[in-house]
Structure formats: structure tokens, C-alpha cells
Amino acid sequence: MPDSPGGRRIRRAPARPLHGRTAVVTGAARGIGEALAHSLSRAGMRVALLGRERAAESLPGPSICVECDITDRTALADAAHRVAAGLGPADVVVANAGIAVSGPFDRTSGELWQRVIDVNLIGSANTARAFLPQLTATRGYFLQIASTAAFGSAPMMSAYCASKAGAESFALALRGEAEPDGVQVGIAYLHWTGTDMLTGIDDNPVLAALRRNQPRPARRVHSPDQVARWLTRGIAHRTPNIYAPPWLRWCQPLRPLFPALVARATRRELRDLPGEDTSSPAEVLGVGGRADWNASLASRPAARPHRWSQPDK
């Protein structure tokens, strides 16, 4: 260990802190989860890809793919056993899986609204419950993927915003409980990211209004690969709060202002919307969200037909 100019010894971080360790990424079939799985693999990690859809196992390093519904605790417990047996106990677990619905609250079925909460919030807690014993054994790192939706809730996105605010709160509570056991809990705050969930963002009046009223740098949509690089850097340093993009850290002190700013930006847009836009049924955003909702419907006994019960053609 080299000495500093003042004679004190300097402890250097490992050159490749993630190399040879095991990572678990939920929602790894597409978007941020897929990009992050590749980024962690390139960093030398063994990666387990968990999701409702089967993820491609074309990673540069060792990997396994486990299909499971993260709202199913039994399935997740089985997945945790398979990960430990196939790759070794998890050192890093990323609760990334998430879906979103856009539309008026009173035009969103109770089942669909609850599904967003079940996947984004309950699924994250289930993931932590299944892998916490492994993380305790490895003194590992649990990363909860949150969103700037937790900063200020947007109309027409009530389930998504509620779930992301809840996921942030859950991670903060878990951080205090897990730290004495050597497990560190991080929260990643993501802004506009170019996943299929944001396809057609300019056609969504509320999201378009929010983006239009933000400063120009804040309107930029970042690629999943860029976001994955930011996340990987934070994971390597076991960072408590990861911001993607990094300038979001300066927004934390301003959070009390955001609900009023969001309401102001969307009030006129909602008032000027044609009546059919505010009375139309809710829309599941993105291919991954629709795949999850279709699978959820199919798993129910005697499921009734639904607007999203058939895949896109």
C-alpha cells in the first residue's frame, strides 16, 4: 500500500471492483434492464437476467436467464435458489422491473392500476426479500430503480408515480435496516430514457407538456446504454444515490417545489384537451408493459376480454 506525500497510507479501490461477482437484474428482457445486464457483464460480472419475458443470453460473460413474475414470491424464491446454484450468491441485485399506464384514474380499471403497483412496488419488495439472505452473506448491494416521477407526480400517471414514490420510500427504510448487516441500499433516479415505454412521448399530452416546460438540457432523452453506464459506475462504488443524468443531484433540494411546478405545467394542457382524450380508457405504455399485462390476464382463471388482452399486430 503506497504512502501519501504526508506519510499516510492510501487505500486504493480495486481496479475492477465488480469482476468475478454475481449480479441479478430484474426486467432484463429489454430497455434499461437489458442494457445494464450487458454493461455489468462487460465489467466482469456473472449476470442473472430475471423477467416475465425471456431475455437473450448473449452476454460476454457467464449468465443465466430465469423467467419469473416478480409479484410471485414463490417463483422469486425459486429464482434465487437457481441463481445461487448456477452463478453463486448475489453480490448485486437491481430491482429494475417496471411498467406504466397513462390515462385518467377514473378510466383505469382497478385491476390494471393495481398491477402497476404490484410490479413496481410490491415486486421490488419481493425481490429484496428473496435475495436479502444472499446479499447479507456477501455484504452486497441492493439497487432500487426509481424515477423523477417520485419528485413530482404527473396527472394521468397516478399508478406509476405512486409506485415509484413508494419504491423510493421502501428503499430508504430498507437502507436503515440492512446497513448493520453490511448490505448497502442504493436508489437510482432516472429521468427521460429512450425505452419503448417512452415511444410516442410527444403524442402523450401530459408527458409532452412536462417535457416542453422543462429547461432545454432537461428535455434530453438519454439512451439506455448511457443510463446503464451511469448505473454501472454507481454500482461499482456502492453509491447511496445514483442520478441519471448526474445533474439530477442538484434537484434534490428543490423537491418541495416540484409538485406545484408539475401542476402548473399540466393544468392548462388538461383543460384544453378534447373531451374524448380525458374520457378514453387508460393505455399501457411500451411493449414490455403490454406483455406483462397480457401474461397477467392469461394467468387468471376465466379471464375476461380486455382492451389489451391481445398482442399488437
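See the structure shown above.
Procedures and definitions
- Residues numbered from 1 in each chain as written.
- Predicted model: local features only at pLDDT ≥ 70, side-chain atom pairs only at ≥ 80, totals over all residues.
- Heavy atoms only, no water.
- Buried < 20%, exposed > 50% of the residue type's maximum accessible area, 1.4 Å probe, protein only.
- Helix = DSSP H or I, 4+ residues; strand = E, 2+ residues; numbered from the N terminus.
- Pairing = 2+ DSSP bridges.
- Phe/Tyr/Trp six-rings, centres within 6.5 Å; stacked < 30°, edge-to-face > 60°.
- Expected span 1.5 Å × (residues − 1).
- Contact = heavy atoms within 4.5 Å.
- Right-handed = clockwise from strand over helix to strand, strands pointing away.
- Core = buried A, V, L, I, M, F, W, Y, C linked by side-chain atoms within 4.5 Å.
- Axes fitted to C-alpha atoms, helices over the stretch in contact; angles between N-to-C directions.
- Parallel < 35°, antiparallel > 145°, perpendicular 65-115°, else oblique.
- Left-handed = near helix turned anticlockwise from the far one by under 90°.
- Nonpolar A, V, L, I, M, F, W, Y, C, P; charged D, E, K, R; others polar.

Asks: Just checking my understanding: could you explain the pairing of strand E4 (residues 92-95) for this structure?
Replies: The side chains of a regular strand alternate between both faces of the sheet. Side chains Val-92 and Val-94 project from E4 onto one buried face, and the interleaved Val-93 and Ala-95 project onto a second face that is buried too. Looking at chain direction, strand E1 (residues 22-26) and E4 are connected through three bridges and run parallel. The partner of Val-25 across the bridge, within E4, is Val-94. Here E4 runs beside strand E6 (residues 141-145); their pairing, made up of four bridges, is parallel. From the neighbouring strand, Val-94 faces E6, where its bridge partner is Leu-143.

Asks: Just to check I follow, could you spell out the packing of aromatic side chains for this structure?
Replies: Within a pair of aromatic rings, the relevant descriptors are the distance that separates the centres and the angle that separates the planes. Under the counting rule described, the total for this entry stands at three aromatic pairs. For the ring pair Phe-151 and Tyr-189, a centre distance of 5.4 Å and an interplane angle of 45° mean the geometry is tilted. One end of the pair, Phe-151, is in the loop between E6 and helix H4 (158-178); the other, Tyr-189, is in strand E7 (residues 184-190), and 38 residues separate them in sequence. Neither Phe-151 nor Tyr-189 differs from the other in exposure class; each is buried. Ring pairs connect the aromatic residues Phe-151, Tyr-189 and Tyr-243, which therefore count as one cluster.

Asks: For this particular structure, what's the right way to read helix H1 (residues 31-42)?
Replies: For an α-helix the count is 3.6 residues per turn, leaving residues at separations of three or four pointing the same way. Helix length check: H1 (twelve residues) gives 17 Å between terminal C-alpha atoms against 16 Å at 1.5 Å per residue, within 8%. Across the twelve residues that make up H1, a large majority, nine, are buried. Taken residue by residue, H1 has Ile-32, Gly-33, Ala-35, Leu-36, Ala-37, His-38, Ser-39, Leu-40 and Ser-41 as its buried positions. Those residues of H1 hidden inside the fold are in contact with E1, strand E2 (46-51), E4, E7 and helix H6 (224-236). One or two positions beyond H1, positive phi appears at Gly-44, with a value near 100°.

Asks: Which parts of the structure should I look at to understand the pairing of E7?
Replies: For E7, a buried count of six out of seven residues is recorded, marking the element as mostly surrounded by other parts of the structure. Where E6 lies against E7, five bridges are found, and the strand directions are parallel. When the bridges of E7 are listed, Tyr-141 appears paired with Gln-184. Note on the crossover from E6 through H4 to E7: the handedness is right-handed. Where E7 meets strand E8 (residues 241-244), four bridges bridge the pair, whose relative direction is parallel.

Asks: Before we go on, may I ask you to explain H6 in this structure?
Replies: Its 13 residues place the ends of H6 18 Å apart at the C-alpha level, agreeing with the 18 Å of an ideal helix rising 1.5 Å per residue. Tucked inside the fold, the buried residues of H6 contact H1, E4, E6, E7 and E8. Positive phi shows up at Arg-238, right after H6, with a value of about 55°.

Asks: What should I look at first to understand the environment of Ala-29 in this one?
Replies: Mapped onto the secondary structure, Ala-29 falls in the loop between E1 and H1. By relative accessible area, Ala-29 is classed as partly exposed at 21%.

Asks: Would you mind showing me how to read the nonpolar core here?
Replies: Generally speaking, soluble globular proteins have nonpolar side chains that are buried together. Val-24, Leu-50, Leu-76, Val-93, Phe-131 and Phe-142 are the most contacted members of the largest nonpolar core, which has 43 residues in total. With seven residues, the top contributor of residues to this core is helix H3 (residues 110-138). Residue contacts for Phe-142: discarding those within four places in its chain leaves Val-93, Ala-95, Ser-124, Thr-127, Ala-128, Leu-135, Phe-170, Leu-174, Gln-184, Val-185 and Gly-186. Judged by nonpolar contacts, the second largest core, of 28 residues, contains Leu-59, Ala-188, Leu-190 and Ala-228.

Asks: Mind showing me how you'd approach the packing of H3 against helix H9 (residues 287-298) here?
Replies: The description of two packed helices rests on the angle between their axes and on the distance between the axes. Running from amino to carboxyl end, H3 crosses H9 at an angle of 110°, the nearest separation of the two axes being 11 Å. Considering the angle they form, H3 stands roughly perpendicular to H9. The handedness of the crossing between H3 and H9 comes out as right-handed. Between H3 and H9, the contacting residues are Glu-111, Leu-112, Arg-115 and Val-119 on the first element and Asp-292, Trp-293 and Ser-296 on the second. Of the residues in the contact of H3 with H9, the class split is three nonpolar, one polar and three charged.

Asks: Sorry, what's going on with the packing of H3 against H4 here?
Replies: Relative to each other, H3 and H4 sit at 20°, their axes nearing to 7 Å. Classified by the angle between their axes, H3 and H4 sit roughly parallel to one another. The two elements H3 and H4 meet at a crossing, and its hand is right-handed. In this structure, H3 contributes Trp-113, Val-116, Ile-117, Asn-120, Leu-121, Ser-124, Ala-125, Ala-128 and Leu-132 to the contact, and H4 contributes Ser-158, Ala-159, Tyr-160, Ala-162, Ser-163, Lys-164, Gly-166, Ala-167, Phe-170 and Leu-174.

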